[in-house]
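What follows is each chain in one-letter form.
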Amino acid sequence: MNPIWLLTGEGSMFKENEEFMLNKNVDAFPLRTDKSIEVQQIPLFDIEAVAGLVPLFQDRTMQTPLDYISIPRLPKCDGAVYVTGDSMYPLLKSGDIVLYKEVSDIKNEIFWGEMYLLSMDMSGEEYITVKYIQKSEQSGFVRLVSQNKHHQDKDVEMTKIKALALVKASIRVNSMN
């Protein structure tokens, strides 16, 4: 289409210049939403059924999702899980869904202050939680911070974190049926 005709109504509706038709001289201007994906099918997993985040992240292709979630123009997500507990209340409630992007290099890819889904080794047991991660005053540690002020902050050794994912979005259902 002829952009002059489109804006002013003057000239012919269609551009006849061959270079323009072949997109040779057209400048593209990236938009804020270019990093988002227009349509994606995000698998919703049952953490208990896959025995935790570590096995889920190790081989997502071997896991059967409960269903798929599609939200237009959402940043790239690797999966979604249901939240349990009240440590992030009122921002997240038990039963909400968080959509996440896996972090492969835990030591170097943390965005301090952001919300993460994480799996930690606590005395040989896997502990899965959603928390803000902040820098700790202790070397080699991170501070896990809850939204709910009834939960105290906790410093944990970074080596105890076995799986980590940045929370990209959350979904809350407010009614039954």
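Keep in mind it's a predicted model, so treat the numbers as computed, not measured. (Residues numbered from 1 in each chain as written. Predicted model: local features only at pLDDT ≥ 70, side-chain atom pairs only at ≥ 80, totals over all residues. Heavy atoms only, no water.)

Our next topic: the side chain of Thr 129. Looking at the element boundaries, Thr 129 is found in strand E6 (residues 125-135). Look at Thr 129 and you get buried, because its relative accessible area is 7%. (Helix = DSSP H or I, 4+ residues; strand = E, 2+ residues; numbered from the N terminus. Buried < 20%, exposed > 50% of the residue type's maximum accessible area, 1.4 Å probe, protein only.)

For the rest of this paragraph, the subject is the sheet that holds strand E5 (residues 115-122). Spatially, the nine strands line up as an open sheet ordered E2-E1-E3-E4-E9-E5-E6-E7-E8, and their pairing is mixed. One side of each edge strand has no neighbouring strand; the edge strands of this open sheet are strand E2 (67-69) and strand E8 (154-157). Direction aside, neighbouring strands of the sheet carry axes that sit 45° apart on average. (Pairing = 2+ DSSP bridges. Axes fitted to C-alpha atoms, helices over the stretch in contact; angles between N-to-C directions.)

In this structure, Val 81, Tyr 100, Leu 117 and Val 130 are the most contacted members of the largest nonpolar core, which totals 19 residues. Here Val 81 is in contact with Leu 44, Phe 45, Ile 47, Leu 56, Asp 96, Ile 97, Val 98, Tyr 100 and Leu 117, once residues within four sequence places are set aside. In terms of nonpolar packing, the next biggest core, distinct from the first, is built from 14 residues, Ile 133, Val 142, Leu 144 and Ile 161 among them. (Core = buried A, V, L, I, M, F, W, Y, C linked by side-chain atoms within 4.5 Å. Contact = heavy atoms within 4.5 Å.)

A separate point is the pattern of salt bridges. One pass over the structure, following the stated rule, counts four salt bridges. We note a salt bridge from Asp 78 to Lys 76, for which the minimum N-O separation is 3.9 Å. By relative accessible area, which is 5% here, Asp 78 ends up buried. Lys 101 is the partner of Asp 78 in a salt bridge, and the nearest nitrogen-oxygen pair spans 3.4 Å. Of the two residues, Asp 78 sits in the loop between E2 and strand E3 (79-82) while Lys 101 sits in strand E4 (residues 97-102), which places them 23 residues apart along the sequence. The network of salt bridges with shared partners includes Lys 76, Asp 78 and Lys 101. (Salt bridge = Lys/Arg side-chain N within 4 Å of Asp/Glu carboxyl O.)

Each pocket or cavity is described by its volume, and for the largest pocket that value is around 310 Å³. In this structure, the largest pocket is lined by 19 residues; those nearest its centre are Ile 47, Tyr 82, Val 83, Thr 84 and Ile 128. Of all the secondary-structure elements, those providing two or more residues to the lining of the largest pocket are E3 and E6. (1 Å grid on protein atoms, 1.4 Å probe; cavity = no way out; pocket = protein on both sides within 12 Å on 5 of 7 lines; lining within 4 Å. Points joined across faces, edges and corners; volume = space filled by probe spheres on them.)

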